[in-house]
Protein chains: 2
Amino acid sequence: MNKLTFDISISLDGFCAGPDQSLEDPLGKGGRRLHEWTAATRAWRESHGLDGGETGADSELVASSIADTGATIMGRRMFSGGTGPWESDPNANGWWGETPPFHHPVFVLTHHEREPLEMQGGTTFTFVTNGIESALAQARAAAGEKDIRIGGGGSVVQQYLAAGHVDEMTVHIAPVLLGGGTRLFSDELERLVEIEMVQISESPTGVIHTLYRVAR
Amino acid sequence: MNKLTFDISISLDGFCAGPDQSLEDPLGKGGRRLHEWTAATRAWRESHGLDGGETGADSELVASSIADTGATIMGRRMFSGGTGPWESDPNANGWWGETPPFHHPVFVLTHHEREPLEMQGGTTFTFVTNGIESALAQARAAAGEKDIRIGGGGSVVQQYLAAGHVDEMTVHIAPVLLGGGTRLFSDELERLVEIEMVQISESPTGVIHTLYRVAR
C-alpha cells in the first residue's frame, strides 16, 4: 500500500512558520529562512516553473520527494495562504497561482463544500468536507503506487499522527531559532509515538535532513 | 573568555521532559527515553560512580562534554527534582544524592537564600538569589578556563538565550515523539536567534547529536 508521509522544514526550536503571520507575510517573521534551502534548488525551481537553481544533493532530495509523491493533503489555510483571500471569499483560488507547483491531485480539508478546481499543469484541488479519513482514502486512490504527502499545516499533521496514519516523516531542521510562530509538533498529540531514524544528511546550508519511519 | 553552553537531549517534537511529571517520575511519561543513550555510556556511568557501560563515539562525546565543563548553572526545580522534596523543605539536599555527578561548582537559581552545600566528589551547590547575570558571573569565575554549562530546565535556557549570553548549544534529538511535556525551546523567546551548525553526528541509537554556535 502507498505510504502517508510529510516533508516539512522547521527551525531548531520546532516552528514551521514564524510569528506575526499576515496576508503579506504568510510564513511569519523569519519563516522564509526555513525554505531558503529548497527555494535555491533546481528541482524546486523547476516545479515552480522557474529556471536555474543549484544542483547537488539538496536538489536531488527535492527531486526524489517530488517524484515519489502522487497526491497531497492540506489544510484550508495552506490552500488559501494563511489569513489569505479565502477568509473573505471562500471561492477564491487560493494563493498557488494559475499553475500550482504540485502537478498532481491535492485534497483540501475544509468545512466549505465546493466543486473541484482544475488548474494548469496537472494540479486539481478537491475540497473534502467529511474529515481526514475520507481525504486519505481519496488521496490514496488518486496517488496510485506513489506516496501521499501531508502538505501541512501543523494541525493537519497532528491529526494524522494522532490517528496513527503516518508512515514516514521527512523533517528538515534549519539552523535558526524563530522564537515563536506555528509549531509542526504541537503539545496536543497526547500520546507517545515511537519512531525510527532511517537516515540523516547535512546540507551545505546547515540544514539537517532527517527521515523517520513511524514504528508499528 | 570561557563559553556558556548547554547540552540537552530532546525528542523530535522538542520536549526535554515528558507529560505527567511527578516526584516519582520527574522526567515525565517517556522522558527516560531521551537519556537512554547517555545512561548507556561508560563516561556517564563513571561520572555517576557506576561501573561498565558502552565505549565508542557516544561515550567519547559525553566524556568530552564532562571534561570541558568547569561549572553548571541550573534552576531550582532541576536541583530539587521537579516537584521534589524542596517544595516542602527548602533546606533539603535535592535529588542528586551524597555524591552528585557534577564534580564541579553548581549554581542554583532560586528565590530562597541558603548557605552553599558542599557535597562529596567535588560538587558544591551555591544558591544564587540575585538573578541570571550574577549566577553567570559566579560560574564564569569558578569555571576557570573551562566552559559553563546551563544544566536546565528549559526556562533557564530560555532566559540565557533571550539575554544573548549563550555561545554554543549541543542538542541531542532522540527518535521519539513524546506528544507533550516540557519544551527545551518555548514560544517565549520572542526574537529570532541566528545560529550556525558546527557539526552533527548520528548515534547507533538513532539519536542525532548536533552542535550549534550562536551567531554574533
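Residues numbered from 1 in each chain as written. Chains lettered and ligands numbered in written order. Predicted model: local features only at pLDDT ≥ 70, side-chain atom pairs only at ≥ 80, totals over all residues. Heavy atoms only, no water.

*Asks:* Looking at this structure, I do not really get the overall build of chain A. What am I missing?
*Replies:* Each helix and strand counted, chain A has six helices and 12 strands in total. Taken over C-alpha atoms, the radius of gyration comes to 16 Å for chain A, in line with the 17 Å a tight globule of 216 residues would show. Overall, the C-alpha framework of chain A stretches about 45 × 40 × 35 Å when taken along its three principal axes. Considering chain A as a whole, with its 216 residues, one finds that 52% of them fall into the buried category. Within the structure as shown, chain A displays about 9,700 Å² of accessible surface, and the carbon and sulfur contribution to it stands at 49%. In chain A, 16 positive and 29 negative side-chain charges are present, and the distance between their average locations comes to 1 Å. (Helix = DSSP H or I, 4+ residues; strand = E, 2+ residues; numbered from the N terminus. Rg over C-alpha atoms; globule rule 2.2 N^0.38 Å. Buried < 20%, exposed > 50% of the residue type's maximum accessible area, 1.4 Å probe, protein only. Areas by Shrake-Rupley, 256 points an atom, 1.4 Å probe, with all protein chains shown as cover. Lys, Arg positive; Asp, Glu negative; His and termini not counted. Charge placed at Lys NZ, Arg CZ, Asp CG, Glu CD.)

*Asks:* What exactly am I supposed to notice about the pattern of salt bridges here?
*Replies:* In a structure, side chains of opposite charge can pair up when their charged atoms sit close to one another. Across all of its chains, the model carries 12 salt bridges over all chains by this definition. Residue A:Asp187 pairs with B:Arg183 through a salt bridge whose shortest N-O separation is 2.8 Å. With A:Asp187 in the loop between strand 10 (182–183) and strand 11 (193–202) and B:Arg183 in strand 10 (residues 182–183), the pair connects residues from two separate chains. Judged by its relative accessible area of 43%, A:Asp187 is partly exposed. Residue classification places B:Arg183 among the buried residues on the basis of a relative accessible area of 10%. One salt bridge connects A:Arg213 with A:Glu196, and the closest N-O pair in it is separated by 3.5 Å. Residue A:Arg213 is found in strand 12 (residues 208–214), and its partner A:Glu196 is found in strand 11; the two are separated by 17 residues along the sequence. (Salt bridge = Lys/Arg side-chain N within 4 Å of Asp/Glu carboxyl O.)

*Asks:* Please clarify how the interface of chain B and chain A should be interpreted in this entry.
*Replies:* Interfaces are frequently sized by the accessible area removed from exposure as the parts join. With 36 residues of chain B in contact, the opposing surface of chain A contributes 36 residues. The contact between chain B and chain A buries some 2,900 Å² in all, and 65% of this surface belongs to carbon and sulfur atoms. Taken together, the connections running from chain B to chain A amount to four salt bridges. For A:Arg33, the salt bridge goes to B:Glu194, with nearest N and O atoms at 2.8 Å. Counting every contact that joins chain B to chain A gives eight residue pairs in polar contact (both at pLDDT 80 or more). At the level of elements, strand 8 (168–174), strand 9 (176–177), strand 11 (193–202) and strand 12 (208–214) of chain B are the ones that each hand at least two residues to the side of chain B that touches chain A. Counting residues per element, the side of chain B that touches chain A draws most heavily on strand 11 of chain B, at seven residues. Alignment of strand 11 of chain A against strand 9 of chain B, held across two bridges, turns out to be antiparallel. Looking at the pairing, A:Glu194 lines up with B:Val176 of strand 9 of chain B. (Contact = heavy atoms within 4.5 Å. Buried area = accessible area lost by both parts, 1.4 Å probe. Polar contact = N/O pair within 3.5 Å; in protein donor to acceptor, adjacent residues only side chain to side chain. Pairing = 2+ DSSP bridges.)

*Asks:* Any chance you could explain helix 5 (residues 132–143) of chain B here in plain terms?
*Replies:* Think of an α-helix as 3.6 residues a turn; residues three or four steps apart then line up on the same face. Residue and element names in this part refer to chain B. For helix 5, built from 12 residues, the straight-helix expectation of 16 Å at 1.5 Å per residue is met to within 8% by its first-to-last C-alpha distance of 16 Å. Every buried residue of helix 5 is accounted for by Ile 132, Ser 134, Ala 135, Leu 136, Ala 139, Arg 140 and Ala 143. One or two steps after helix 5, the chain reaches Gly 144, where phi turns positive at roughly 65°. (Expected span 1.5 Å × (residues − 1).)

*Asks:* When you look at the relation of the copies chain B and chain A in this model, what are you seeing that I'm missing?
*Replies:* Between the two copies of this chain, the relationship is a rotation about some axis together with a displacement along it. Between chain B and chain A, the superposition needs a rotation of 180° and an axial shift of 0.0 Å, giving an RMSD of 0.0 Å. Put plainly, the chains are arranged around a two-fold axis. No C-alpha of chain B lies nearer the rotation axis than that of B:Gly14, which sits 3.3 Å from it. (Least-squares fit on C-alpha atoms with pLDDT ≥ 70 in both.)

*Asks:* Can you walk me through the sheet that holds strand 12 of chain A in this structure?
*Replies:* Backbone-to-backbone hydrogen bonds join strands into a sheet, with any given pair of strands oriented parallel or antiparallel. If you trace the 10 strands from one edge of the open sheet to the other, you get 5(A)-6(A)-4(A)-3(A)-7(A)-1(A)-8(A)-12(A)-11(A)-9(B), paired in mixed fashion. Since the sheet does not close on itself, it has two edges, and those belong to strand 5 (117–118) of chain A together with strand 9 of chain B, each with one partner. The sheet contacts of helix 3 (residues 57–68) of chain A involve strand 1 (4–11), strand 3 (69–75), strand 7 (147–152), strand 8 (168–174) and strand 12 of chain A, and relative to strand 3 of chain A the element is tilted by about 90°. (Axes fitted to C-alpha atoms, helices over the stretch in contact; angles between N-to-C directions.)

*Asks:* So what exactly am I meant to see when it comes to the sheet that holds strand 7 (residues 147–152) of chain B here?
*Replies:* The 10 strands are arranged 9(A)-11(B)-12(B)-8(B)-1(B)-7(B)-3(B)-4(B)-6(B)-5(B) in an open sheet whose pairing can be described as mixed. The strands lining the two open edges of the sheet, one partner per strand, are strand 9 (176–177) of chain A together with strand 5 (117–118) of chain B. Its contacts with the sheet put helix 3 (residues 57–68) of chain B on strand 1 (4–11), strand 3 (69–75), strand 7, strand 8 and strand 12 of chain B, and the angle it makes with strand 3 of chain B is roughly 90°. The strands touched by helix 6 (residues 154–162) of chain B are strand 9 of chain A together with strand 1, strand 3, strand 4 (105–109), strand 7 and strand 8 of chain B; relative to strand 7 of chain B, the strand with the most contacts, the crossing angle is about 135°.

*Asks:* Where do I start with unusual backbone geometry in this structure?
*Replies:* Residues apart from glycine generally show negative phi values, whereas peptide bonds are mostly found in trans. All names here are of chain A. Look at the link from Gly 152 to Gly 153: it is a cis peptide, with omega at 0°. Mapped onto the secondary structure, Gly 153 falls in the loop between strand 7 and helix 6 (154–162). Positive phi outside glycine occurs at His 103, with the angle close to 60°. Here His 103 shows up in the loop between helix 4 (76–80) and strand 4 (105–109).

*Asks:* How do you make sense of the packing of aromatic side chains when you look at a structure like this?
*Replies:* A ring pair, where both rings are aromatic, is described by two values, the distance of the centres and the angle of the planes. All names here are of chain B. Scanning all chains against the criterion turns up 10 aromatic pairs over all chains. Between Phe 6 and Phe 185, the aromatic rings sit 6.4 Å apart at their centres with planes inclined by 65°, giving edge-to-face as the arrangement. Taken together, the positions of Phe 6 in strand 1 and Phe 185 in the loop between strand 10 and strand 11 put the pair 179 residues apart, joining distant regions of the chain. Given the relative accessible area of 0%, Phe 6 is considered buried. (Phe/Tyr/Trp six-rings, centres within 6.5 Å; stacked < 30°, edge-to-face > 60°.)

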